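# Architecture and fold: a report
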Amino acid sequence: AELSLRIGTPREDAGPPASVRAEMQRIYRRGRQQMRRAAREGQTAQMHLWRKRVKDLRYAAEALAAHGPAAARKRMLRTARAADVLGEILGEEHDLAMLADLIAAEREIFAQDREGRRALRAAIARRRRKLRKRALREGRALYRRPPKRFSVPLAAPRG
């Protein structure tokens with residue numbers, strides 16, 4: 001008896017395998033949880049961790065956008081774009097946090113202009129508040145679905 005193995009090409013509408021869908025769901029869930037943590041605590045470290053999870057989602061969505069059914073590709077491209085925008089907002093917020101820390105640590109830079117130092121720190125704080133508010137608005141839109149609902153469109157069509 002001869003053993004034969006057939007290797008075929010995946011069907012266009014097959015969608016990603018269950019393990020990929022489960023991993024995508026996990027990535028999405030972690031980002032959503034970190035967003036809530038960042039919103040609750042509002043600390044620089046929490047915001048930075050959220051940015052890392054947003055980047056995870058972006059890169060995973062970009063990878064999935066290259067394969068699978070057209071509807072899933074389109075959805076993943078939209079997700080990747082939204083995550084990219086959010087990541088940029090969070091990145092700017094983090095950069096300003098680092099600048100504020102530098103200004104606080106390097107007092108001699110502003111030794112002759114304490115008022116200027118105070119004004120700069122206040123401007124940084126205002127900008128960071130606006131960025132955080134915008135990041136939370138964008139984040140709520142990106143993570144609006146519960147994780148189990150997020151993965152549904154990635155599944156293969158039933159027929």
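One structure accompanies this document, and this report is about it. Quick caveat, the model's predicted, so the values are computed rather than measured. (Residues numbered from 1 in each chain as written. Predicted model: local features only at pLDDT ≥ 70, side-chain atom pairs only at ≥ 80, totals over all residues. Heavy atoms only, no water.)

### Topic: the overall build of the protein chain
Each helix and strand in the protein chain was counted, giving five helices and zero strands. The buried share of the protein chain, taken over its 159 residues, is 35%. Taking contacts inside the protein chain between residues at least 6 apart in sequence as the whole, the part at least 24 apart equals 77%. Carbon and sulfur atoms form 52% of the exposed surface of the protein chain, whose accessible area is close to 10,500 Å². (Helix = DSSP H or I, 4+ residues; strand = E, 2+ residues; numbered from the N terminus. Buried < 20%, exposed > 50% of the residue type's maximum accessible area, 1.4 Å probe, protein only. Contact = heavy atoms within 4.5 Å. Areas by Shrake-Rupley, 256 points an atom, 1.4 Å probe, with all protein chains shown as cover.)

### Re the pattern of salt bridges
With the rule as written, the count across this model stands at eight salt bridges. Across the salt bridge formed by arginine 132 and glutamate 93, the nearest N and O atoms sit 2.8 Å from each other. Placement of arginine 132 in helix α4 (residues 114–142) and of glutamate 93 in helix α3 (residues 70–105) is noted, with a sequence separation of 39 residues between them. Overall, the relative accessible area of 18% leaves arginine 132 in the buried class. For the salt bridge of glutamate 115 with arginine 118, the shortest nitrogen-to-oxygen distance reads 2.9 Å. Separated by three residues within a single helix, glutamate 115 and arginine 118 lie in helix α4, roughly one turn from each other. (Salt bridge = Lys/Arg side-chain N within 4 Å of Asp/Glu carboxyl O.)

### Let's talk about α4
Every α-helix winds through 3.6 residues per turn, so residues three or four apart in the chain are directed the same way. Given a rise of 1.5 Å per residue, 29 residues ought to cover 42 Å, and the 41 Å separating the end C-alpha atoms of α4 matches this to within 8%. Of the residues making up α4, those classed as buried are Arg117, Ile124, Arg128, Leu131, Arg132, Ala135, Leu136, Gly139 and Leu142. Those residues of α4 that are buried lie in contact with α1 (18–41), α2 (44–65) and α3. (Expected span 1.5 Å × (residues − 1).)

### Section: the environment of arginine 127
Tracing the chain through its elements places arginine 127 in helix α4. For arginine 127, a relative accessible area of 35% gives the class partly exposed. Residues arginine 127 and leucine 96, spaced 31 residues apart in sequence, show a C-alpha to C-alpha distance of 8.2 Å. Setting aside chain neighbours within four positions, we find arginine 127 in contact with Glu92 and Leu96.

### Things to note about the nonpolar core
Formed by 30 residues in total, the largest nonpolar core has its most connected members in Met24, Trp50, Leu57, Leu86 and Tyr143. Within the residue set of this core, elements represented by two or more residues are α1, α2, α3 and α4. Of all the elements, α3 adds the most residues to this core, at nine residues. Residues within four places of tryptophan 50 in sequence aside, it is in contact with Gly31, Gln34, Met35, Ala38, Leu86, Leu90, Ala135, Leu136, Gly139 and Tyr143. (Core = buried A, V, L, I, M, F, W, Y, C linked by side-chain atoms within 4.5 Å.)

### A look at the packing of α1 against α4
Between α1 and α4, whose axes approach to 11 Å, the crossing angle comes to 150°. Here α1 lies roughly antiparallel to α4, going by the angle between them. In this structure, the crossing between α1 and α4 has a hand that is left-handed. Contact residues: α1 offers Tyr28, Met35 and Ala39, while α4 offers Leu136, Gly139, Arg140 and Leu142. (Axes fitted to C-alpha atoms, helices over the stretch in contact; angles between N-to-C directions. Parallel < 35°, antiparallel > 145°, perpendicular 65-115°, else oblique. Left-handed = near helix turned anticlockwise from the far one by under 90°.)

### Some details on a positive patch on the surface
Where like charges cluster on the molecular surface, the positive patch consists of Lys74, Arg78, Arg81 and Arg144. Here arginine 144 is to be found in the loop between α4 and α5 (147–151). (Patch = residues over 30% accessible without salt bridge, like charges linked within 9 Å, V, L, I, M, F, W, Y side chains within 5 Å. Lys, Arg positive; Asp, Glu negative; His and termini not counted. Charge placed at Lys NZ, Arg CZ, Asp CG, Glu CD.)

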